[in-house]
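So you can see what is in the structure, the chains are spelled out below.
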Amino acid sequence: SQQGEEDPQALSIQEGENATMNCSYKTSINNLQWYRQNSGRGLVHLILIRSNEREKHSGRLRVTLDTSKKSSSLLITASRAADTASYFCATYSGSYIPTFGRGTSLIVHP
Amino acid sequence: GAGVSQSPSNKVTEKGKDVELRCDPISGHTALYWYRQSLGQGLEFLIYFQGNSAPDKSGLPSDRFSAERTGGSVSTLTIQRTQQEDSAVYLCASRPTSGRASGANVLTFGAGSRLTVL
């Protein structure tokens, strides 16, 4: 079964708007990572947040982590057409094998 | 190499044939993973190699699937007697296990091998 589940499954916005996607997980984690996958390509690592962190920023990305609710959110500010991709969260919970969710498909209209 | 290289990028085969998918990880990355991604789905873990340790095969869906890693570098995923439900993108990823970058467990993925079983 999936450890992380992203929500929503699909998101369609206009360029310049913010995009927020969420990830919920089931067991305690060491860290949570977000990856992006462009169509027909492999996944690319975006940002990592450790279990003792609550918020992290990287450029236009902001990630939050609420371990009490077992959830994380990824915010992309001032979105661009080039942000169109699928976004996955991945969690590590005691082993070296990360578990990925089903992803959020983001479409940013120019 | 500069990144994780996978081949072939596309493979079309007939049901019942065997296929081999190859992954060339980043030089020096001792950890290597195979995942399967079916259309519109997330990543399904298949197998994990770490150095000279016995691989974690817990994700392999059936005994038709096997993988090996020669010399701690290149890995081959073999699917015997392919079925239509094996159609998917097979992704390989690697990560370092020593040095400053090792603590984060960040994976670097290849572009994948798209398998279509007719």
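Residues numbered from 1 in each chain as written. Chains lettered and ligands numbered in written order. Predicted model: local features only at pLDDT ≥ 70, side-chain atom pairs only at ≥ 80, totals over all residues. Heavy atoms only, no water.

Enquirer: Kindly report on the sheet that holds strand β6 (residues 65-69) of chain B, identifying the contributing residues and their values.
Expert: Residues and elements named next belong to chain B. Taking strand neighbours across the sheet as the criterion, the 4 strands line up as β1-β3-β7-β6 in an open arrangement whose pairing is antiparallel. Only two strands of the sheet have a single partner each, and these edge strands are β1 (5-7) and β6. Looking at each pair of strands side by side, their axes are set apart by 15 degrees on average, direction ignored. With 3 bridges joining them, β1 and strand β3 (residues 19-24) adopt antiparallel strand pairing. Bridge pairing in β3 places Ser5 opposite Asp24. (Pairing = 2+ DSSP bridges. Helix = DSSP H or I, 4+ residues; strand = E, 2+ residues; numbered from the N terminus. Axes fitted to C-alpha atoms, helices over the stretch in contact; angles between N-to-C directions.)

Enquirer: Summarise the environment of B:Arg69; cite the residues concerned and give the values.
Expert: Residue and element names in this part refer to chain B. In this fold, Arg69 is placed in strand β6. Taking the relative accessible area as the measure of exposure, Arg69 reaches 12% and is therefore buried. With 12 residues separating them along the chain, Arg69 and Arg81 place their C-alpha atoms 21 Å apart. A polar contact of 2.9 Å, which involves the side chain of Arg69, links it to the backbone oxygen of His29. Among the polar contacts listed, one links the side chain of Arg69 to the backbone oxygen of Thr30, at a separation of 2.6 Å. (Buried < 20%, exposed > 50% of the residue type's maximum accessible area, 1.4 Å probe, protein only. Polar contact = N/O pair within 3.5 Å; in protein donor to acceptor, adjacent residues only side chain to side chain.)

Enquirer: Please give an account of the interface of chain A and chain B that cites residues and values.
Expert: Between chain A and chain B, the contact holds 20 residues from the first and 19 residues from the second. Taken together, both faces of the contact between chain A and chain B bury some 1500 Å²; the carbon and sulfur share is 55%. Taken together, the connections running from chain A to chain B amount to 0 salt bridges. In this structure, the connection of chain A to chain B is made through 6 residue pairs in polar contact (both at pLDDT 80 or more). Elements supplying a minimum of two residues to the side of chain A that touches chain B: β4 (31-37), β5 (43-50) and β9 (85-92) of chain A. Broken down by class, the residue content of the side of chain A that touches chain B amounts to 9 nonpolar, 8 polar and 3 charged. (Contact = heavy atoms within 4.5 Å. Buried area = accessible area lost by both parts, 1.4 Å probe. Salt bridge = Lys/Arg side-chain N within 4 Å of Asp/Glu carboxyl O. Nonpolar A, V, L, I, M, F, W, Y, C, P; charged D, E, K, R; others polar.)

Enquirer: Residue-level account of the pattern of salt bridges, with values.
Expert: Residues and elements named next belong to chain A. The final tally for this structure, using the stated rule, is 8 salt bridges over all chains. Note that Glu55 is salt-bridged to Arg62, the shortest N-O span being 3.1 Å. Overall, the relative accessible area of 40% leaves Glu55 in the partly exposed class.

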